[in-house]
Amino acid sequence: MILLGCLLIGGFAFIPRVMLVLAWIFSERWDIVWQGDWIVPLLGIIFLPYTTIMFMLVWSPAGISGWDWLWIILGVFLDVLHYQQAAANRRQATSVFKDLN
């Protein structure tokens, strides 16, 4: 049961990154949104995958305006929540290992 939970959590952690890499390889929208740049989207894939996904979804040639910012803020919130949960899990794991010793 623990193995299934670990696989699920690992999947949720890597699915956004996998989807972004697939979009980079197969999507024509990628070049339109990022205008040939590669460093910013690469950093987005590594550090802020949910924000990068939201940016890709709401971007238009006219720019981002109005309620589009809500989706980007949601992406930032999901990224921060993901990092916060990872830190909490790390603290809990280290406390469990200290108790075993």
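Basis of the calculations
Residues numbered from 1 in each chain as written. Predicted model: local features only at pLDDT ≥ 70, side-chain atom pairs only at ≥ 80, totals over all residues. Heavy atoms only, no water. pLDDT = per-residue confidence, 0-100. Helix = DSSP H or I, 4+ residues; strand = E, 2+ residues; numbered from the N terminus. Phe/Tyr/Trp six-rings, centres within 6.5 Å; stacked < 30°, edge-to-face > 60°. Buried < 20%, exposed > 50% of the residue type's maximum accessible area, 1.4 Å probe, protein only. Patch = residues over 30% accessible without salt bridge, like charges linked within 9 Å, V, L, I, M, F, W, Y side chains within 5 Å. Areas by Shrake-Rupley, 256 points an atom, 1.4 Å probe, with all protein chains shown as cover. Salt bridge = Lys/Arg side-chain N within 4 Å of Asp/Glu carboxyl O. Arc of directions from axis to C-beta. Core = buried A, V, L, I, M, F, W, Y, C linked by side-chain atoms within 4.5 Å. Contact = heavy atoms within 4.5 Å.

## Focus: the confidence of the model for the protein
Here the protein averages 85 in pLDDT, and 82% of its residues register 70 or above. For the protein, the element scoring lowest by mean pLDDT is helix α1 (residues 2–26), at 77; helix α3 (residues 39–47) scores highest, at 93.

## A word on the packing of aromatic side chains
Applying the stated criterion to the full structure yields three aromatic pairs. Measuring from centroid to centroid gives 6.0 Å for Trp30 and Trp34, while their planes differ by 50°, and the two rings are tilted. Highlighted residues: Trp30 and Trp34, both in helix α2 (residues 28–34), separated by four residues, approximately one helical turn. Note on Trp34: relative accessible area 13%, which makes it buried. Taken together, the aromatic side chains of Trp24, Trp30, Trp34 and Phe55 make up a single cluster linked through ring pairs.

## Description of the environment of Trp69
Tracing the sequence through the fold places Trp69 in helix α5 (residues 68–100). Here Trp69 falls in the partly exposed class, since its relative accessible area comes to 44%. In the structure, Trp69 is positioned 15 residues away from Met54 in sequence and 9.3 Å away in space, judged by C-alpha atoms.

## Some points on a nonpolar patch on the surface
A contiguous nonpolar surface patch, about 820 Å² in accessible area, is contributed by Trp38, Ile39, Val40, Leu42, Leu43, Ile46, Phe47, Leu48 and Tyr83. Sort the elements by how many residues they give to the nonpolar patch and α3 lands first, with six residues. Note on placement: Leu42 falls in helix α3. For Leu42, a relative accessible area of 31% corresponds to the partly exposed category.

## Here we look at the environment of Trp38
If you trace the backbone, Trp38 turns up in the loop between α2 and α3. Distance in space between the C-alpha atoms of Trp38 and Trp24 is 9.6 Å, their sequence separation being 14 residues.

## Points about α3
Spacing of three or four residues puts side chains on the same side of an α-helix, whose turn is 3.6 residues. Along α3, the residues that are buried comprise Pro41, Gly44 and Ile45. Projection of α3 onto a plane perpendicular to its axis shows the buried side chains occupying an angular sector of 100°, all on one side.

## Description of the nonpolar core
In terms of nonpolar packing, the biggest core is built from 10 residues, these being Leu20, Trp30, Val33, Trp34, Ile45, Met56, Val58, Trp59, Ile64 and Ile72. Those elements that provide at least two residues to this core are α2 and α4 (49–58). Sort the elements by how many residues they give to this core and α2 lands first, with three residues. Non-local contacts of Val33, meaning those with residues more than four positions away in its chain, are made with Phe55, Met56 and Trp59.

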